[in-house]
Amino acid sequence: FMRQSLNDACVVDVRMWAAMRCQSVSKTVIGALQYGRALATLPKIQEHYAHFPEKRLCEDHAEVILAHQTYGHSEGNPQNDEAVRLLLESFADDALFLVFDLQKGTAAYLWQMVNDFLSVRGGYAHGAFEQASVKCMWDKARRCVRILEVLPRKFPLRLGHGEYKTQGEASN
């Protein structure tokens, strides 16, 4: 590992192992995902969902939202973005969602994804807003995030000046 001689799958395993042994966002997210699994063991819940096999329990009762304000942003850390994608991919079958801020400085590919999403859904013309909150989940077939919802905003979520910004360390 120290000589970077492991294959990609082993690197993922080592990163997940390390994340579970320290205070990390990954450990918190993985723990929060257990709520849906715990609910699924309750007899009344099992009885109810026996009548609706096409429904997924987690989406009805519990979802985990990972808010990462600097995802894909020039002020963010690309390694944090990679770690978020790894987490989303690892738990793609769970009710795990990413919410990020779309704003000036956000990567062009994310702006394009949002514009494509909105052009299909309608309601907003290209360039009609400067900021938005974007909810995504992992798309296993495309092996990338897939946009589920876009909420255009007038004002930024991150407040403050210089080094002091609320939620400035939310992604570590």
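This section reports on the structure supplied with the text. Everything numeric here is computed off the predicted structure, so don't read it as measured data.

### A word on the pattern of salt bridges
The full count for this structure, using the stated rule, is 7 salt bridges. Here Lys140 makes a salt bridge to Asp93, at a shortest N to O gap of 2.6 Å. Here Asp93 lies in the loop between helix H6 (78–90) and strand E2 (96–102) and Lys140 lies in the loop between strand E3 (131–139) and strand E4 (144–153), a separation of 47 residues in the sequence. Comparing Lys140 with Asp93, the two get one shared label, exposed. Note that Asp101 is salt-bridged to Arg153, the shortest N-O span being 3.5 Å. A residue pair is termed long-range when its members are at least 10 positions apart, and Asp101 in strand E2 and Arg153 in strand E4 qualify at 52 residues. Residue Arg153 is classed as buried on the basis of its relative accessible area of 14%.

### Looking at helix H7 (residues 108–121)
Over its 14 residues, H7 runs 20 Å from end to end, which matches the ideal 20 Å to within 8%, given 1.5 Å per residue. For H7, the set of buried residues is Leu110, Trp111, Met113, Val114, Asn115, Phe117 and Leu118. Summarising the contacts, the buried residues of H7 are in contact with E2, E3 and E4. Positive backbone phi, approximately 80°, marks Gly122, located one or two places after H7.

So, how was this worked out
Residues numbered from 1 in each chain as written. Predicted model: local features only at pLDDT ≥ 70, side-chain atom pairs only at ≥ 80, totals over all residues. Heavy atoms only, no water. Salt bridge = Lys/Arg side-chain N within 4 Å of Asp/Glu carboxyl O. Helix = DSSP H or I, 4+ residues; strand = E, 2+ residues; numbered from the N terminus. Buried < 20%, exposed > 50% of the residue type's maximum accessible area, 1.4 Å probe, protein only. Expected span 1.5 Å × (residues − 1). Contact = heavy atoms within 4.5 Å.

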